Amino acid sequence: MSVAMREAFGRHLAEMGKTHPELVVLDADVSSSTKSAFFKKEFPERFYNVGVQEGNLAGMAAGLATCGFHPVINAFAIFLSLKSTDQIRNDICYNNLPVIIAGAYGGLSDSFDGASHQAIEDIAILRSLPNMEVIVPSDARQAELALEYALTRKNPVYIRLNRNAMPDIDTDRDEFFKARAVKMRSGKDVTIAANGITASAAVEAGKLLEAEGIDAEIFSVPFVKPLDSTSIFESAEKTGALVTVEEHLLAGGFYSAIAEDGLKRGLKAKVAPIAIEDKFGETGPYLDLLAKYGLDSKSIANVVKKLLNK
């Protein structure tokens, strides 16, 4: 089991500060939660706590970016994607500025604070903005790689971070930097493309399916934009069936990106999405919520069997 994604990201932020003097971090009074406090301890002169005003957070970052800095704004994903939307669109994206938007507590992972703090709309909002790239890491290592990748970019990058520790995915750094989907298992009967933390559940679902004679090819897909649809579609046309999995509303997220490309490219495969269906989250233990919304291994395996009529 990995360390919590937020902690891995916070520690790596401090490490990257040693080799990237242009890196500055801005916080909305939640650095103890997001773990950007690690950077604050190492580089207090390059850390700015603007208080609970996320719009100003994004606007200040845009200003710093025009002065040669590479800002990271690190706050809760729900508030960055909603309260900062105006400034992210008009200040950061319109001017195509190199600002890294690190949205902590993504998906349902702020589970005990309920719907008001759970970010299940953020991908739909932020991937729609021109110039923005969107990365949803599967584990702590991918979160670290996402930061390293984003620091090489001259445009805005959104990184959605989970609150909790998730099982490790074996990710090749060079392939990640090409924005490729990560093949975790080869198979011939069905393709499972899992976005973010759902990748580990997809791997477990693959084991359940194997016990029933179903051979699944499984991908971790951290990049929603740009999307490596080529790898996914080549696999899906080989297997004839594609299941997408995401910790997000069905509308506008990972499946929507897949469907958009699939229609344009004439994807020839049966497709079934697994996502949260047009409803808000609720308060409860995280793993229980994932199961309730069909994002656990048993639910994924059941969707595969239904798609394959087995």
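Think of each chain on its own: its residues are numbered from 1, step by step along the sequence as written. Confidence filtering applies because this is a predicted model: local features only for residues at pLDDT of at least 70, side-chain atom pairs given and counted only at 80 or more, and all residues used for totals across whole chains, interfaces and linings. Side-chain descriptors were evaluated using all non-hydrogen atoms of the structure, hydrogens and water having been removed beforehand.

I tried to follow the overall build of the protein chain on my own but got confused; where do I start?
The secondary structure listing takes helices from DSSP runs of H or I that are at least 4 residues long and strands from runs of E that are at least 2 residues long, numbered from the N terminus. Counting its secondary structure elements, the protein chain contains 14 helices and 12 strands. The globule rule used for comparison is 2.2 Å times the number of residues to the exponent 0.38, while the radius of gyration itself is calculated over C-alpha atoms. For a compact globule of 310 residues, the expected C-alpha radius of gyration is about 19 Å, and the protein chain comes in at 19 Å, within 12% of that figure. Overall, the C-alpha framework of the protein chain stretches about 60 × 40 × 30 Å when taken along its three principal axes. In the protein chain, which comprises 310 residues, the proportion classed as buried is 60%. Contact between two residues is taken to exist if any of their heavy atoms lie within 4.5 Å; hydrogens are not considered. Contacts spanning at least 24 positions in sequence make up 80% of the contacts within the protein chain whose residues lie at least 6 apart. Per-residue and other accessible areas follow the Shrake-Rupley method at a 1.4 Å probe size, with only the shown protein chains counted as cover for residues. For the protein chain, the computed accessible surface area is about 12300 Å², with 50% contributed by carbon and sulfur atoms. Positive residues here are Lys and Arg, negative ones are Asp and Glu, while His and the chain termini are left out of the count. To locate a charge, take atom NZ for lysine, CZ for arginine, CG for aspartate or CD for glutamate. One finds the centroid of the 34 positive side-chain charges in the protein chain at a distance of 3 Å from the centroid of its 41 negative side-chain charges. When accessible area is computed with a 1.4 Å probe and restricted to protein chains, residues below 20% of their type maximum are described as buried, those above 50% as exposed, and intermediate ones as partly exposed.

Explain the sheet that holds strand β4 (residues 100–104) here, please?
Two modes of strand pairing occur in sheets, parallel and antiparallel, and in both the strands are linked by backbone hydrogen bonds. At least two DSSP bridges between two strands are needed for those strands to be called paired. Reading across from one edge, β2-β1-β3-β4-β6-β5-β10 is the order of the 7 strands in this open sheet, with mixed pairing throughout. Looking at strand neighbours, the two that pair on one side only are β2 (47–49) and β10 (223–225), the edges of this open sheet. Averaged over neighbouring strand pairs, the angle between their axes works out to 20 degrees when direction is ignored. Judged from the 3 bridges that link them, strand β5 (residues 133–135) and strand β6 (residues 157–160) form a sheet pairing that is parallel. Of the residues in β6, the one forming a bridge with E133 is V157. Note on definitions: angles span 0 to 180 degrees between N-to-C directions of axes, and those axes are lines fitted to C-alpha atoms, for helices only across the stretch in contact. Lying on the sheet, helix α4 (residues 54–65) is in contact with β1 (23–27), β2 and β3 (70–76); it crosses β3 at an angle near 170 degrees.

Would you explain the pattern of salt bridges in this entry?
Once the charged atoms of two side chains with opposite charge are near each other, the side chains can pair. Salt bridges are identified by distance alone: a Lys or Arg side-chain nitrogen within 4 Å of an Asp or Glu carboxyl oxygen. The final tally for this structure, using the stated rule, is 19 salt bridges. Here R185 makes a salt bridge to D215, at a shortest N to O gap of 3.0 Å. You can see R185 sitting in strand β7 (residues 182–185) and its partner D215 sitting in the loop between α10 (198–210) and β9 (216–220), a full 30 residues away along the chain. Residue classification places D215 among the partly exposed residues on the basis of a relative accessible area of 22%. Counted as one network, the salt bridges with shared partners bring together D122, R160 and E247.

Just checking my understanding: could you explain the packing of α10 against helix α14 (residues 297–307) for this structure?
When two helices pack together, their arrangement is captured by the angle between the axes and the distance separating the axes. Across the interface, α10 lies against α14 with an axial gap of 8 Å and an inter-helix angle of 55 degrees. On the basis of their axis angle, the class for α10 and α14 is oblique. Of the two elements, α10 crosses α14, and the hand of that crossing is right-handed. Along its contact with α10, which presents A201, A202, E204, A205, L208 and L209, the element α14 presents S297, K298, I300, A301, V304 and K305. All residues other than Ala, Val, Leu, Ile, Met, Phe, Trp, Tyr, Cys, Pro, Asp, Glu, Lys and Arg, Gly among them, are scored as polar; the first ten of these are nonpolar and the last four charged. Among the residues forming the contact of α10 with α14, the class breakdown is 8 nonpolar, 1 polar and 3 charged. Oblique is the label for any angle not under 35 degrees, not over 145, and not in the 65 to 115 range, which are roughly parallel, roughly antiparallel and roughly perpendicular in turn. In this scheme the handedness of a crossing depends on how the near helix is turned from the far one: anticlockwise by less than a right angle means left-handed, clockwise means right-handed.

Honestly, unusual backbone geometry in this entry has me stumped. Any pointers?
Excluding glycine, most residues fall at negative phi; most peptide bonds, likewise, are trans. Between K225 and P226 the backbone carries a cis peptide bond, its omega angle lying at 0 degrees. With respect to the helices and strands, the residue P226 is situated in the loop between β10 and α11 (229–239). Phi is positive for D29, close to 65 degrees, though the residue is something other than glycine. Among the structural elements, D29 can be located in the loop between β1 and α2 (31–34). Positive phi values are uncommon outside glycine, yet A179 reaches one of about 60 degrees. Its relative accessible area of 10% is what places A179 among the buried residues.

Can you walk me through the packing of aromatic side chains in this structure?
Working definition: a ring pair exists when centres of Phe, Tyr or Trp rings (six-membered ring for Trp) sit within 6.5 Å. Plane angles under 30 degrees give stacked, over 60 give edge-to-face, the rest tilted. With the rule as written, the count across this model stands at 6 aromatic pairs. Ring centres 5.0 Å apart and planes at 55 degrees place the aromatic pair F176 and F223 in the tilted group. Of this pair, F176 sits in helix α9 (residues 173–177) while F223 sits in strand β10, and the two are 47 residues apart along the sequence. Classification of F223 by relative accessible area gives buried; the value is 1%. Among the aromatic residues, ring-to-ring pairing joins Y149, F176, F177 and F223 into one connected group. In this analysis the charged atom, NZ for Lys or CZ for Arg, is taken to sit over a ring once it is within 6 Å of the ring centre and within 35 degrees of the ring normal. Sitting over the ring of F43, R46 keeps its end group 4.4 Å from the ring centre.

Spatial relationships are all this shows, so hold off on functional conclusions.
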